[in-house]
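# Survey of secondary and tertiary structure
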Amino acid sequence: MKQVSLHEYSIIVEEDLNDLHQWISQQNYSQYIVLVDEHTGKHCWPLFESQCPLQNVEMILIESGEINKNIDTCQEIWKQLLDLKVDRNALFINLGGGVIGDMGGFAASCYKRGIDFVNVPTTVLSQVDASIGGKLGIDFKYGKNLIGLFNNPKRIHISKAFHQSLDDRQFSNGFAEIYKHALIGDSQQWQQLSKVENLRQLDMDKVLYDSLLIKKRIVEEDPFEKGIRKALNFGHTIGHAVETYSLEHDDAPLLHGEAIVAGMIMEAYLSVKKVGLSNTELQQIVDVLRSKYVDYQIDKGQLGDIWSFMLLDKKNEKTKVMAALISAIGTPVINVELSRTDLSEALGFYSNL
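Here goes a summary of the coordinates provided. (Residues numbered from 1 in each chain as written. Predicted model: local features only at pLDDT ≥ 70, side-chain atom pairs only at ≥ 80, totals over all residues. Heavy atoms only, no water.)

### Quick word on the overall build of the protein
To keep things clear, this is the line we draw: Strands are runs of DSSP state E lasting at least two residues, helices are runs of H or I lasting at least four, and both sets are numbered from the N terminus onward. Only the C-alpha atoms count toward the radius of gyration. The rule for a globule is 2.2 Å times the residue count to the power 0.38. Accessible area is worked out with a 1.4 Å probe on protein chains only. A residue is then buried under 20% of its type maximum, exposed over 50%, and partly exposed in between. Working rule for contacts: check all heavy atoms of both residues, and any pair within 4.5 Å makes them a contact. To measure how exposed things are, a 1.4 Å probe is used in the Shrake-Rupley method; for residues, cover is taken only from the protein chains shown. Neither His nor the chain ends contribute to the count of charged residues, in which Lys and Arg are positive and Asp and Glu negative. Positions of charges follow a simple convention, taking NZ of Lys, CZ of Arg, CG of Asp or CD of Glu.
Scanning the protein from N- to C-terminus turns up 14 helices and 11 strands. Here the C-alpha atoms of the protein give a radius of gyration of 20 Å, agreeing with the 20 Å that 2.2 N^0.38 yields for 353 residues. Along the first, second and third principal axes, the C-alpha set of the protein runs to 55 × 40 × 35 Å. The buried share among the 353 residues of the protein stands at 56%. Of all intrachain contacts in the protein linking residues separated by at least 6 positions in sequence, the fraction that spans at least 24 positions is 78%. Summing over all exposed atoms, the protein offers an accessible surface of approximately 15200 Å²; the carbon and sulfur share of this is 47%. Where the 35 positive side-chain charges of the protein centre and where its 47 negative ones centre are 5 Å apart.

Next up, the structure:
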């Protein structure tokens, strides 16, 4: 077992959920509500139930996918909580990926002005990305995560046992954020990861723990994203816009990590132009990421749509589109303004790879 301790809660990386079961047994909650989608209800709940058996537990089932991370789903969660007569002494357990964690934490934090919640992230993406920082929220019709708040869980429990339920695409999807953490915070970790051919053969306990330490360091320095925490948005200013475009236009939309990979490649290109990243490191980033992810077919023809989504990014300052870039692998630069011309050049670079 490895533990990442933050000011208000701990993240436990363990083989099973024994530590979570022990912790719950020492508490005095009135009841337990477990939020799942159709996938985690089928593949993850049996493992959870066998390793962390609970009395007086109810399950709330929602539909999976980013498209359902909205206020309508929250209203259904709140309705079921009221129907179940859940009081303020209950514990809300989010069992699933980033959508479950973001929206479940948001719903729990708003219900009766807030009930305790625990996150049990089941995907690589949610384990290394959404697990630290207390950022909760839902998507609004104009973009991702536009409605939300900061609130911390009581605990987070991470087990690689859930990785068995992930196909290769979902496994790689989460690894995009591990690559991002290394690119903004640990050049040595990046060099180690860049040499790996089969991600499944890695010691995931160590990889997850090392990646979590990078995010912990940044989040504790800047809990409310006023300064250096913005570095965690590397690849996301363009990547989130690409993800939103894909959700609206593609029959089989990009996963979050796949969109962020496209964003990281384009923002690495802009890092050469705007903050001095070397062409050698740019090429290495491109080679590593393209070896693990399929290229998305996008070009300057989608410029207007992508730019419109970028203009709605919550990190912007008034009418200025702001991004986090890197001056070298492991060295972030925050608050870099991007223009429509910058996006056009980045799209041109990406589409010509």
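### Here's the deal with the packing of aromatic side chains
Under the convention used in this document: Note on aromatic contacts: the rings of Phe and Tyr and the six-membered ring of Trp form a pair at centre separations within 6.5 Å, being stacked when their planes are under 30 degrees apart, edge-to-face when over 60 apart, and tilted otherwise.
The final tally for this structure, using the stated rule, is 9 aromatic pairs. Ring geometry for Tyr29 and Tyr32: centres 6.3 Å apart, planes at 70°, overall edge-to-face. One exposure class covers both Tyr29 and Tyr32, and it is buried. Where Phe175 meets Tyr179, the ring centres are 5.6 Å apart and the plane angle is 65°; that geometry is what we call edge-to-face. A residue pair is termed a helical-turn pair when its members lie 3 or 4 positions apart in one helix, as Phe175 and Tyr179 do in helix H7 (residues 168-185) at 4 residues.

### Things to note about a nonpolar patch on the surface
To keep it simple, the criterion reads: What goes into a patch is any residue over 30% in relative accessible area without a salt bridge, connected to like charges within 9 Å or, for nonpolar side chains (Val, Leu, Ile, Met, Phe, Trp, Tyr), within 5 Å. Every case where a carboxyl oxygen of Asp or Glu lies within 4 Å of a side-chain nitrogen of Lys or Arg is listed as a salt bridge.
Together, Phe140, Tyr142, Ile147 and Leu312 give the surface a local cluster of nonpolar side chains, amounting to about 370 Å² of exposed area. In this fold, Phe140 is placed in strand E7 (residues 135-140).

### Remarks on the packing of helix H8 (residues 187-194) against helix H12 (residues 279-292)
For clarity, the threshold we go by: To define axes, lines are fitted to C-alpha atoms, for helices over the stretch in contact only, and angles between the resulting N-to-C directions are given on a 0 to 180 degree scale. Roughly parallel means an angle under 35 degrees; roughly antiparallel means over 145; roughly perpendicular covers 65 to 115; every other angle is labelled oblique. Less than a right angle of anticlockwise turn of the near helix away from the far helix marks a crossing as left-handed, whereas a clockwise turn marks it as right-handed. Nonpolar residues are Ala, Val, Leu, Ile, Met, Phe, Trp, Tyr, Cys and Pro. Charged residues are Asp, Glu, Lys and Arg, and all others, Gly as well, are polar.
Where H8 meets H12, the closest approach of the two axes is 11 Å, and the angle between their N-to-C directions is 45°. Between H8 and H12, the angle is such that the two are oblique. Viewed along their axes, H8 and H12 form a crossing whose handedness is left-handed. Here Trp190, Gln191 and Ser194 of H8 come into contact with H12, specifically with Gln284, Ile285 and Val288. Split by residue class, the contact of H8 with H12 holds 3 nonpolar, 3 polar and no charged.

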